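Residues per chain are reported as follows:
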Amino acid sequence: MNRIRKSITVRFFSIEASESFFDDFIINFLANRDNSNSSRIFNLKTKKHLIKLGEEHILKENKAYSVSVVRERNTWQTKATSDGQITGISLNQGIIGDPYYFFVVPDKKILLALTSGPIQTLRSVGKSMLEQLQSSRSEKIRLSLIPKEQDFVSLEKLSEKGSLNFKINPSSFSDISSDAPQLIRDLSSNPYIENSAQKLTLNLDFEDAADQLLSRDHIMEIIDYLSDHEGCEMLRVKWHDEEGNANQLDFVNAFFNYRTEITTRHTFIEESVSVEILKEAFATYLDN
């Protein structure tokens, strides 16, 4: 099999949780790993997830804990071979899906994440993984992308009302995953947009009100999806503060990430390779 080059992006999230969560995470991680409970399958909504606990790594005096997750992709229904045979896929008590790899760094309260699946699902899968390793299931965990600028205002602190402006190449809609925001999926299914030679520019109003189609959470999902998208040339949020002053944030390349390439014979990223990439990404983060 020929070797192929695969581009990898590591995304960085801040973990917003109580102080006790981080101590409990370490205790639960080590206890489950040492008691032969290092891997298990659990159901979340309509998808199965395999969670596998890795090792404790020490990088520049910071402890990082590696966790691998495979998230079921149930759109894969059949297997077809070159001789024309079409058969179902035998799972043999396993699951078929996309791999996700994480470094949890309790001292820094950050999560490093990469996947060869849909990158916009990193936040939701990472959050589900952390919830499996917390002591109190009632405790709220929130993940936020880490901005490059220290004084950058996150969307969570913005007004509940505003507008999102973005410009994107229509060819970017040629391969949209089922996990993409609903608005992106609706645009991708429009033949006039997909076949257009003109760049698509949209201005979307949002408001946290019952009669509005787009809420702030919807806008955050779209920004998560488009902020690291090569086809997106403009991604801005505009709003007015309580005093009526106009504000604007540009989210194109606004968040910290680490990009690299690997050469592999596989269609997926191997666990051992992911650990080395995450180590390199964390070292780069510490140097900034």
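Computed from a predicted model, the values in this text were never measured in an experiment.

Novice: Mind laying out the pattern of salt bridges, listing which residues take part and the relevant values?
Specialist: Enumeration according to the criterion identifies 11 salt bridges in this entry. In this structure, the salt-bridge partner of E19 is K109, at a minimum N-O distance of 2.4 Å. Taken together, the residues E19 in helix α1 (residues 19-34) and K109 in the loop between β7 (97-105) and β8 (110-115) connect sequence positions 90 residues apart. Close ionic contact of K127 with E131 constitutes a salt bridge, the shortest N to O distance being 2.6 Å. One end of the pair is K127 and the other is E131, both in helix α2 (residues 122-132) and four residues apart, which spans about a single turn. Here K127 falls in the partly exposed class, since its relative accessible area comes to 30%. With relative accessibility at 23%, the residue E131 sits in the partly exposed group.

Novice: Got a sec to walk through unusual backbone geometry? Specific residues and values, please.
Specialist: Here the phi dihedral of K60 falls at roughly 50°; this positive angle occurs in a residue that is not glycine. Relative to the assigned elements, K60 resides in the loop between β3 (47-59) and β4 (62-72). Overall, the relative accessible area of 48% leaves K60 in the partly exposed class. With phi around 70°, E61 is a residue other than glycine that occupies positive phi space.

Novice: Residues and numbers for the sheet that holds strand β10 (residues 161-168), please.
Specialist: With antiparallel pairing, the four strands of this open sheet are ordered in space as β11-β10-β12-β13. Lying at the two open borders of the sheet, with one neighbouring strand each, are β11 (200-207) and β13 (246-250). Each adjacent strand pair in this sheet contributes to an overall mean axis angle of 20°, direction not counted. Sheet topology places strand β12 (residues 232-240) next to β13; five bridges connect them, and they run antiparallel. By the bridge assignment for β13, V237 is matched with L249.

Novice: Requested: an account of the side chain of T115, with residues and values cited.
Specialist: Relative to the helices and strands, T115 is located in strand β8. Judged by relative accessible area, T115 falls into the buried class, the value being 11%. When residues no more than four places from it in sequence are discounted, the contact partners of T115 are P99, Y100, L122 and I269.

Novice: Kindly report on the packing of aromatic side chains, identifying the contributing residues and their values.
Specialist: For the structure on display, the rule yields nine aromatic pairs. Ring geometry for F21 and F25: centres 6.3 Å apart, planes at 40°, overall tilted. A residue pair is termed a helical-turn pair when its members lie 3 or 4 positions apart in one helix, as F21 and F25 do in helix α1 at four residues. Here F21 falls in the buried class, since its relative accessible area comes to 1%. What makes F25 buried here is its relative accessible area of 1%. A centroid spacing of 6.0 Å and a plane angle of 75° characterise the contact between F25 and Y65, whose relative ring orientation is edge-to-face. In this pair, F25 is assigned in helix α1 and Y65 in strand β4, connecting sequence segments 40 residues apart. Per residue, the accessibility class of F25 equals that of Y65, and both read buried. Feature note: the residues F21, F22, F25, F29 and Y65 constitute an aromatic cluster, connected by ring pairs.

Novice: Can you lay out helix α6 (residues 271-287) for me, pointing to particular residues and giving the numbers?
Specialist: A rise of 1.5 Å per residue sets the reference length of α6, with its 17 residues, at 24 Å; its end C-alpha atoms lie 25 Å apart and thus fit the reference within 8%. Among the residues of α6, those classed as buried are S274, V275, I277, L278, A281 and F282. With its buried residues spanning 165° around the axis, α6 presents them on a single face. Facing away from the buried surface of α6 by more than 90 degrees, the exposed residues are S272 and D287. Of the surrounding secondary structure, the elements contacted by the buried residues of α6 are β1 (4-16), β3, β4, β7, β8 and β14 (257-264).

Reading the values: the criteria
Residues numbered from 1 in each chain as written. Predicted model: local features only at pLDDT ≥ 70, side-chain atom pairs only at ≥ 80, totals over all residues. Heavy atoms only, no water. Salt bridge = Lys/Arg side-chain N within 4 Å of Asp/Glu carboxyl O. Helix = DSSP H or I, 4+ residues; strand = E, 2+ residues; numbered from the N terminus. Buried < 20%, exposed > 50% of the residue type's maximum accessible area, 1.4 Å probe, protein only. Pairing = 2+ DSSP bridges. Axes fitted to C-alpha atoms, helices over the stretch in contact; angles between N-to-C directions. Contact = heavy atoms within 4.5 Å. Phe/Tyr/Trp six-rings, centres within 6.5 Å; stacked < 30°, edge-to-face > 60°. Expected span 1.5 Å × (residues − 1). Arc of directions from axis to C-beta.

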